Amino acid sequence: MSGPIAKPTIAEIEPYKAGKAKAAGFDKPIKISANENALGCSPAASEAYRALANVLHVYPDPQANALREALAQKHSLEPAQLIFGTGSDEIFSMAAQAYLNPGDEMVQPQFAFAAWAIAARAAGANVISAPERDYTVDVDAMLAAITPRTRMMFVANPASPTGTFIPFAEIKRLHAALPENVLLILDGAYAEFAERHSDFDSGFELARNASNIIVTRTFSKLYGLAALRLGWGYANPTIIQTLNKIRLPFNASSGAQAAAIAALNDTDFSARSLARVEAGGAQLSAFLRELGLTPLPAFANFVTVRVPKSAPLIALEIERALAERGILVRGLQNYSMPDCLRITIGTEAEMQALEQALRAILRA
Ligand SMILES: *Cc1c(COP(=O)(O)O)cnc(C)c1O
């Protein structure tokens, strides 16, 4: 067949694989594969979303002004320096479209969020991976990966799929050594989970006047609004104006905007969500260690665990055995971490079911 031919850089893209949502034989499997909020979302956010059910004919506010003001106030940011996306994924795409030419290079850590490479490759750029040290971003390796063709760099802190963290001093050191024509995207999808650490910083101050930083955040994780697809970015006015030129006009839906405002205001729900992650994370890590597995340091709402060679089953077998019991965790084969599993911190009941299943599987 001689249909239209996709650009070669697009043909090379590995499509994104979402965390599994189905387990054969289970109507409602325990889904701890996509780092969703174990407690759901704020009831006030659901209510705000429902309240729009009869005005679906009206376009959303293209500037998301009410949400813009609410976020600016919460984080002490200039409203004009914010941009919204259909998930933070769309902000990565907009940045790649705006700043990457075919043949340019994007540098990312060895274990990186898959959407970054998709965005860069779609713009015709090549993706360069910088080795990590103990599953943690290595700033020296990131800097060493820079060539004259480098135009963009991604770092998530805390990171996914590893869950590890680097002190903000390291981010500052990375930025200070970065050529000014390289755009640094600081993906803060899990930032809220690390705020309690003294060496954490949002990066907003650094981005405020920097010529080459975008900080991104999402409503998909702590706020539990993954279904509504809403993320945002903060950068200097020049970058924001550039991204706005290619942003599709009504990319943040009315329901997403309304639910996000309600979610921001429901500080009780956010606090409970954070408390669940803190308690559940410590418990899960301790349990995995007790089973002879090796959890990585966990700074987000999930624990990534290595399955040592001495374990009776390999990671893929454990993933499958859990699925047979209706429990879905994320295998990391396509993240080049075949001996690891990524487990979202669920409710207490979900974690108990996981513990019981893992005990049975690993003692069998
Ligand atoms: C979940 C996640 C995101 C958020 O993506 P959205 O498009 O906002 O849902 C971004 N970066 C990383 C590393 C993530 O794990």
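What you see is a predicted model; the values in this text were computed from it and never measured.

**Q** Help me out: how do you make sense of the site of the ligand in this one?
**A** Taken together, Gly87, Ser88, Asp89, Phe113, Ser160, Asp187, Ala189, Tyr190, Thr218, Ser220, Lys221 and Arg229 make up the full set of residues near the ligand. Within the contact set of the ligand, an oxygen atom lies 3.1 Å away from a side-chain nitrogen or oxygen of aspartate 89.

**Q** Looking at this structure, how should I read the sheet that holds strand β13 (residues 340-344)?
**A** Pairing between the strands of a sheet is mediated by backbone hydrogen bonds and can be parallel or antiparallel. Strand order in this open sheet of four strands is β9-β10-β13-β12, and the pairing throughout is antiparallel. Two strands in the sheet have a free side with no partner beyond their single neighbour: β9 (294-295) and β12 (330-331). Here five bridges tie strand β10 (residues 302-306) to β13, and the two strands are oriented antiparallel to one another. What sits directly across from valine 305, in β13, is leucine 341. Contacting β9, β10 and β13, helix α12 (residues 267-290) runs over the sheet at an angle of about 15° to β10.

**Q** Sorry if this is basic, but what is going on with the pairing of strand β6 (residues 183-187) here?
**A** Along a regular strand, successive side chains alternate from one face of the sheet to the other. The buried fraction of β6 is high, at five of five residues. Burial of β6 is two-sided: the residues Leu183, Ile185 and Asp187 facing one way and the residues Leu184 and Leu186 facing the other way are all buried. One ladder, built from five bridges, connects strand β5 (residues 150-156) with β6; its direction is parallel. Bridge pairing in β6 links phenylalanine 154 to isoleucine 185.

**Q** Got a minute to help me understand the domain arrangement of the chain in this structure?
**A** Where interface size is quoted, it is often the accessible area lost as the parts come together. The domains assigned to the chain are domain 1 (17-41 + 268-362) and domain 2 (44-265). The gap between the C-alpha centroids of domain 1 and domain 2 is 25 Å. Facing 27 residues of domain 1, the contacting portion of domain 2 comprises 26 residues. Both faces combined, the contact of domain 1 with domain 2 buries some 2100 Å², and carbon together with sulfur accounts for 65% of it. It is Cys41, Phe299 and Tyr335 that lose the most area in domain 1 upon contact with domain 2, and together they represent 31% of the buried surface on that side. For arginine 196, the salt bridge identified is with glutamate 278, shortest N-O distance 3.3 Å. Run the count over domain 1 and domain 2 and you get seven residue pairs in polar contact (both at pLDDT 80 or more).

**Q** I'm lost on the nonpolar core in this one. Help?
**A** Membership of the largest hydrophobic core comes to 77 residues, with the highest contact counts inside it found for Leu67, Phe219, Leu225, Trp232, Leu322, Leu354 and Leu358. Two domains each put at least three residues into this core: domain 1 (17-41 + 268-362) and domain 2 (44-265). Residues contacting leucine 358, with those up to four places away along its chain left out, are Phe287, Leu288, Leu291, Ile318 and Leu322. Ala95, Trp116, Leu183 and Ile240 belong to the second largest nonpolar core, which has 28 residues in total.

**Q** Help me out: how do you make sense of the environment of threonine 150 in this one?
**A** Here threonine 150 shows up in strand β5. Distance from threonine 150 to valine 182, taken between C-alpha atoms, is 6.4 Å for residues 32 residues apart in sequence. Discounting chain neighbours no more than four positions away, the residues touching threonine 150 are Glu105, Val107, Ala145, Asn181 and Val182.

**Q** Sorry if this is basic, but what is going on with the packing of aromatic side chains here?
**A** Within a pair of aromatic rings, the relevant descriptors are the distance that separates the centres and the angle that separates the planes. Applying the stated criterion across every chain yields a total of 14 aromatic pairs. Aromatic side chains tyrosine 16 and phenylalanine 113 sit 6.1 Å apart centroid to centroid with 70° between the ring planes, which places their arrangement in the edge-to-face category. Linking tyrosine 16 in the loop between α1 (8-11) and β1 (30-31) with phenylalanine 113 in the loop between β3 (105-109) and α5 (114-122), this pair joins segments that are 97 residues apart in sequence. By relative accessible area, phenylalanine 113 is classed as buried at 17%. Taken together, Tyr16, Phe92, Phe113, Trp116 and Phe154 form an aromatic cluster joined through their ring pairs. When the ring centre of phenylalanine 302 is taken as reference, the NZ or CZ atom of arginine 342 above it lies at 5.4 Å.

**Q** Could you clarify how one ought to interpret the packing of helix α4 (residues 88-99) against α5 in this entry?
**A** Packed helices, taken two at a time, are described by the angle between their axes plus the distance between the axes. In contact at an axis separation of 8 Å, α4 and α5 are set at 30° when each is read in the N-to-C sense. In terms of orientation, α4 lies roughly parallel with respect to α5. Note that α4 runs across α5; the crossing there is right-handed. Where α4 approaches α5, its residues Asp89, Phe92, Ser93, Ala96 and Gln97 are matched on the opposing element by Ala115, Trp116, Ala119, Ala120 and Ala122. Grouping the amino acids of the contact of α4 with α5 by side-chain chemistry returns seven nonpolar, two polar and one charged.

Thresholds, definitions, all that
All residue numbers here refer to positions counted from 1 along the written sequence of the relevant chain. Whole-chain, interface and lining totals are the exception, using all residues; otherwise, since this is a predicted model, local features are given only for residues with pLDDT of at least 70 and side-chain atom pairs are given and counted only at 80 or more. Excluded from the side-chain calculations are hydrogens and water; all other atoms, namely the structure's heavy atoms, are used. Being near a molecule or strand, for a residue, comes down to having at least one heavy atom within 4 Å of it. Here a polar contact means two N or O atoms within 3.5 Å. Within protein one must be a hydrogen donor candidate and the other an acceptor candidate, and residues neighboring in sequence count only if both atoms are side-chain atoms. A pair of strands is treated as paired once DSSP finds two or more bridges between them. The numbering of helices and of strands both runs from the N terminus, where a helix is a DSSP run of H or I of at least 4 residues and a strand a run of E of at least 2. Only heavy atoms matter for contacts: two residues are in contact if any of them lie within 4.5 Å across the pair. Under this scheme, a helix contributes an axis fitted over its contacting stretch, all axes are lines through C-alpha atoms, and angles between N-to-C directions fall in the 0 to 180 degree range. Exposure classes here rest on a 1.4 Å probe applied to the protein chains alone. A residue is buried below 20% of its type maximum, exposed above 50%, and partly exposed in between. For the domain bounds, the source is a domain assignment made automatically or taken from a database. Put simply, buried area is the surface a 1.4 Å probe can reach on two separate parts but cannot reach once they are joined, added for both. Counted as salt bridges are all cases of a side-chain nitrogen of Lys or Arg within 4 Å of a carboxyl oxygen of Asp or Glu. What is meant by a nonpolar core is a set of buried Ala, Val, Leu, Ile, Met, Phe, Trp, Tyr and Cys residues, joined one to another through side-chain atoms within 4.5 Å. Here the aromatic set is Phe, Tyr and Trp, taking the six-membered ring for Trp, and pairing holds for ring centres within 6.5 Å; pairs whose planes are under 30 degrees apart are stacked, those over 60 apart are edge-to-face, and all others are tilted. Each ring is checked for a lysine NZ or an arginine CZ that lies within 6 Å of its centre and within 35 degrees of its normal; such an atom marks a charge sitting over the ring. By definition in this entry, angles of less than 35 degrees are roughly parallel, angles greater than 145 are roughly antiparallel, angles of 65 to 115 are roughly perpendicular, and the rest are oblique. If you view the pair so one helix is near and one far, a crossing is left-handed when the near helix is turned anticlockwise from the far one by less than a right angle, and right-handed when it is turned clockwise. We call Asp, Glu, Lys and Arg charged. Ala, Val, Leu, Ile, Met, Phe, Trp, Tyr, Cys and Pro are nonpolar, and the rest, Gly among them, are polar.

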